[in-house]
Amino acid sequence: MGEIVLKAEHLKKVFLSGKKNVEAVEDVSFELRRGEALGIVGESGSGKSTVGKMVTGLLPVTEGRISLLGDDITQMKERSLRQIYRRIQMVFQMPGESFDPRWTLGDGIGESLRNQGMSRREAGKRTGELLERCGLSPEYAGRYPHQVSGGQCQRAALARALAAGPKLLVCDEITSALDVTVQKQILELLLKLKEDEQLSFLFISHDLALVQAFCDRVLVLRQGKLVEEGETEAVIRHPAAEYTKQLIDSVL
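It should be emphasised that the depicted structure is a prediction, and the values quoted were computed from it without experimental measurement. (Residues numbered from 1 in each chain as written. Predicted model: local features only at pLDDT ≥ 70, side-chain atom pairs only at ≥ 80, totals over all residues. Heavy atoms only, no water.)

Another point: the overall build of the protein chain. Across its full length, the protein chain holds 10 helices and 10 strands. Against the 2.2 N^0.38 benchmark of 18 Å for 252 residues, the protein chain shows a C-alpha radius of gyration of 18 Å, consistent with a compact globule. Here the C-alpha coordinates of the protein chain stretch approximately 55 × 45 × 40 Å along the principal axes. Within the protein chain, residue pairs in contact and separated by at least 24 positions form 66% of the contacts whose partners lie at least 6 positions apart. Counting every atom, the protein chain has about 12700 Å² of accessible surface; 46% of that belongs to carbon and sulfur. Counting 34 positive and 35 negative side-chain charges, the protein chain places the averaged centre of each group 6 Å from the other. (Helix = DSSP H or I, 4+ residues; strand = E, 2+ residues; numbered from the N terminus. Rg over C-alpha atoms; globule rule 2.2 N^0.38 Å. Contact = heavy atoms within 4.5 Å. Areas by Shrake-Rupley, 256 points an atom, 1.4 Å probe, with all protein chains shown as cover. Lys, Arg positive; Asp, Glu negative; His and termini not counted. Charge placed at Lys NZ, Arg CZ, Asp CG, Glu CD.)

Written as C-alpha cells, this is what we have:
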C-alpha cells in the first residue's frame, strides 16, 4: 500500500439558501494513496464538485478535517494555501474559462513557474516541455485560449496544473464538454501521467464508463451522503446500494 496523499474525515458542507441551511455534503470520509485514482460519482447535486472544492480550499469546510501528505489543511489561510497549491491542483470542466483570455496559453502555464523563481527564459523552455508531455507542440504556447479547440485547451490546462509539480490532481468533469474521441485521448494522457509520475487523482465525473476505465476505486454520493465505496470493478459489477444499481442501469 502506498503512502496516503489525501485523507478526508467526516466532511460536511452547509450552504445558506434564503433562510434555510442546506446540507450539500454530510459526513463524507475517504483516503487516497500515491498513484491511485479515486472516482466520485453521483447525479447532479449529489455533492461531487463540493467535495472537490473543499479539498482544494476553494470552499471552506463546515465540519470535518482534510489532510494532505500528513498536513492538516482544513483551515489554512491564503498565504499557507499557496504552498499547498504546489502539491494539489484542480482542473475544471471548461478550461477556456480558467485561462485569462488576454494571456497566451504559455503565459498561463509559465506564471506558476515564474512564481517558483524561474527566469522567463527557463519558464519558457519548461512550458514547451510540459505542453509536449500533454500532447501539444511547444508552438501552442503562443496561442490564445480562443485560438484552440476545447481538447487542446484542456491539454494546456493539464500542462499548467503539472507546472506546479503536484502530487494530486483534482479533475472535475474535465472531459464532459469534449467529444468522445477527445475524451479518449485525454483519458489516455491521464493514465500515462498516473503511471509515469505516480500522480494521485480525485476524478469527479457523472460518466461511469470513464470512471470504470480510469479509477481504481470509486465513491458513490447521493444528496451529499456516501452510499457506497469500493474497488471500481466490484462496485459496478456487484453494486450493494439500490441507488448505485439505478445509476449504473441508467448509463451502462
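So, on to the environment of leucine 32. Considering the arrangement of structural elements, one finds leucine 32 in strand β2 (residues 20-33). Distance in space between the C-alpha atoms of leucine 32 and aspartate 100 is 31 Å, their sequence separation being 68 residues. Setting aside residues up to four positions removed in sequence, leucine 32 forms contacts with Glu3, Ile4, Val5, Leu6, Ala37, Leu38, Leu168, Ser200, Phe201, Leu202 and Arg217.

Let us look at the side chain of glutamine 183. Checked against the element boundaries, glutamine 183 lands in helix α7 (residues 180-197). On the basis of relative accessible area, glutamine 183 is assigned to the buried category, the value being 14%. Excluding its chain neighbours within four sequence positions, the residues that come into contact with glutamine 183 are Thr175, Ser176, Leu178, Asp207 and Leu210. (Buried < 20%, exposed > 50% of the residue type's maximum accessible area, 1.4 Å probe, protein only.)

Turning next to the packing of aromatic side chains. Evaluated as defined, the whole model comprises 2 aromatic pairs. Ring geometry for phenylalanine 201 and phenylalanine 214: centres 5.1 Å apart, planes at 80 degrees, overall edge-to-face. Residue phenylalanine 201 is found in strand β8 (residues 200-204), and its partner phenylalanine 214 is found in helix α8 (residues 208-214); the two are separated by 13 residues along the sequence. Here the aromatic cluster, defined as three or more aromatic residues joined through ring pairs, consists of Phe201, Phe203 and Phe214. One cation-aromatic arrangement involves lysine 13 over phenylalanine 15; the distance from NZ or CZ to the ring centre is 5.2 Å. Of note, arginine 143 hangs over the ring of tyrosine 140, and the distance from its end group to the ring centre comes to 4.1 Å. (Phe/Tyr/Trp six-rings, centres within 6.5 Å; stacked < 30°, edge-to-face > 60°. Lys NZ or Arg CZ within 6 Å of the ring centre and 35° of its normal.)

The strand order across the open sheet formed by 4 strands is β2-β1-β4-β5, and the pairing between neighbours is antiparallel. Edge positions in the sheet fall to β2 and β5 (71-72), since each of these pairs with one other strand and no more. Bridging between strand β4 (residues 63-68) and β5 involves 2 bridges; their strand directions are antiparallel. Its bridge partner being in β5, leucine 68 is matched across the sheet by aspartate 71. (Pairing = 2+ DSSP bridges.)

With respect to the element layout, leucine 193 can be found in helix α7. Classification of leucine 193 as buried rests on a relative accessible area of 3%. The sequence separation of leucine 193 and alanine 164 amounts to 29 residues, and the corresponding C-alpha distance is 14 Å. Apart from the residues lying within four places of it in its own chain, the contact partners of leucine 193 are Arg133, Leu162, Gln198, Leu199 and Phe201.

Looking at where threonine 175 falls in the secondary structure, it is placed in the loop between β7 (168-172) and α7. Judged by relative accessible area, which is 4%, threonine 175 ranks as buried. Contacts of threonine 175, omitting those with residues within four sequence positions, involve Gln183, Ile186 and Leu210.

Worth remembering: the numbers are spatial, not functional.
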